[in-house]
Amino acid sequence: MTRHESREQAFALMFEKLFSPDLSPQEIIASKAELSEFVRNDFTETLFITACEHLEEIDRTIRENLVKWSFERLTKVSVAVLRIALCEMCYLDDIPQSVSINEAVEIAKKYSGEEDAAFVNGVLGSVAKKAEVK
């Protein structure tokens, strides 16, 4: 399984978490593992579980980088994509930010469209730019 496919699976898990916030990451993974199209792998699970462990900080970062938008107005696809990408950018040191941003944009295009992809790119670009200044 490629890293891109692993990211897509992590996105799908995070999307599920938006509809089942009371389930633990492990419960969501277990329920997805029962489906034939879901293939368990370490990168997917690490990415999803790490994102869930840092949801408050990740969501705060999203809110701080929104321009003329409220968090509550964001599409569920955008929220799930942003959470996974920001997890990579902030908590997984071995991945260049540009890769995380590009992968997030591609997933947003596939599951939502150009408008969400541009929005995701803008938010993640803002986070990356602020990180360079620090």
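Residues numbered from 1 in each chain as written. Predicted model: local features only at pLDDT ≥ 70, side-chain atom pairs only at ≥ 80, totals over all residues. Heavy atoms only, no water.

Novice: Where do I start with the overall build of the protein in this structure?
Specialist: Each helix and strand in the protein was counted, giving seven helices and zero strands. The helix and strand sequence of the protein, counted from the amino end, reads α-α-α-α-α-α-α. Here the C-alpha atoms of the protein give a radius of gyration of 14 Å, agreeing with the 14 Å that 2.2 N^0.38 yields for 134 residues. Overall, the protein is about 40 × 30 × 25 Å in size when its C-alpha atoms are taken along their principal axes. Counting the 134 residues in the protein, one finds 48% classified as buried. Accessible area for the protein stands at about 7,400 Å²; split by element, carbon and sulfur atoms hold 50% of it. Side-chain charges in the protein split into 16 positive and 24 negative, and the spacing between the mean points of these groups amounts to 6 Å. (Helix = DSSP H or I, 4+ residues; strand = E, 2+ residues; numbered from the N terminus. Rg over C-alpha atoms; globule rule 2.2 N^0.38 Å. Buried < 20%, exposed > 50% of the residue type's maximum accessible area, 1.4 Å probe, protein only. Areas by Shrake-Rupley, 256 points an atom, 1.4 Å probe, with all protein chains shown as cover. Lys, Arg positive; Asp, Glu negative; His and termini not counted. Charge placed at Lys NZ, Arg CZ, Asp CG, Glu CD.)

Novice: So what exactly am I meant to see when it comes to the packing of aromatic side chains here?
Specialist: Each aromatic ring pair is described using two quantities: the centre-to-centre distance and the angle formed by the ring planes. Applying the stated criterion across every chain yields a total of four aromatic pairs. Ring plane angle 65° and centroid distance 5.2 Å describe the contact between Phe15 and Phe19, whose orientation is recorded as edge-to-face. One end of the pair, Phe15, and the other, Phe19, are both in helix H1 (residues 3-19), four residues apart, so they sit about a helical turn from each other. Each member of the aromatic cluster is reached from another via a ring pair, and the members are Phe11, Phe15, Phe19 and Tyr111. The ring of Phe43 carries Arg3 above its face, with NZ or CZ at 4.0 Å from the centroid. (Phe/Tyr/Trp six-rings, centres within 6.5 Å; stacked < 30°, edge-to-face > 60°. Lys NZ or Arg CZ within 6 Å of the ring centre and 35° of its normal.)

Novice: Looking at this model, I keep getting lost on empty space enclosed by the protein. Mind explaining?
Specialist: Leftover empty space is mapped by rolling, across the atoms, a probe with the size of a water molecule. Applying the stated criterion to the full structure yields one cavity of 30 Å³ or more. Computed from the structure, the largest cavity encloses a volume of approximately 50 Å³. Only H1, helix H5 (76-91) and helix H6 (97-111) provide two or more residues apiece to the lining of the largest cavity. For the lining of the largest cavity, the class distribution of residues is six nonpolar, one polar and three charged. (1 Å grid on protein atoms, 1.4 Å probe; cavity = no way out; pocket = protein on both sides within 12 Å on 5 of 7 lines; lining within 4 Å. Points joined across faces, edges and corners; volume = space filled by probe spheres on them. Nonpolar A, V, L, I, M, F, W, Y, C, P; charged D, E, K, R; others polar.)

Novice: What is the right way to look at the nonpolar core in this model?
Specialist: Across soluble globular proteins, nonpolar side chains show a tendency to be buried alongside one another. Counting 42 residues, the largest nonpolar core has Met14, Ile62 and Leu124 as the members making the most contacts within it. Residues within four places of Leu124 in sequence aside, it is in contact with Leu82, Ala85, Leu86, Met89, Ile101 and Ala104. (Core = buried A, V, L, I, M, F, W, Y, C linked by side-chain atoms within 4.5 Å. Contact = heavy atoms within 4.5 Å.)

Novice: Can you help me understand the side chain of Glu45 in this one?
Specialist: Its location among the elements puts Glu45 in helix H3 (residues 42-53). Under the relative-accessibility criterion, Glu45 is labelled buried at 16%. In terms of polar contacts, Glu45 uses its side chain to reach the side chain of Arg40, at 2.7 Å. The contacts of Glu45, once residues within four sequence positions are left out, are Ile29 and Arg40. (Polar contact = N/O pair within 3.5 Å; in protein donor to acceptor, adjacent residues only side chain to side chain.)

Novice: How do you make sense of unusual backbone geometry when you look at a structure like this?
Specialist: Although it is not a glycine, Lys68 adopts a positive phi angle of roughly 60°. Its location among the elements puts Lys68 in the loop between helix H4 (55-64) and H5. The exposure class assigned to Lys68 is exposed, which follows from its relative accessible area of 80%.

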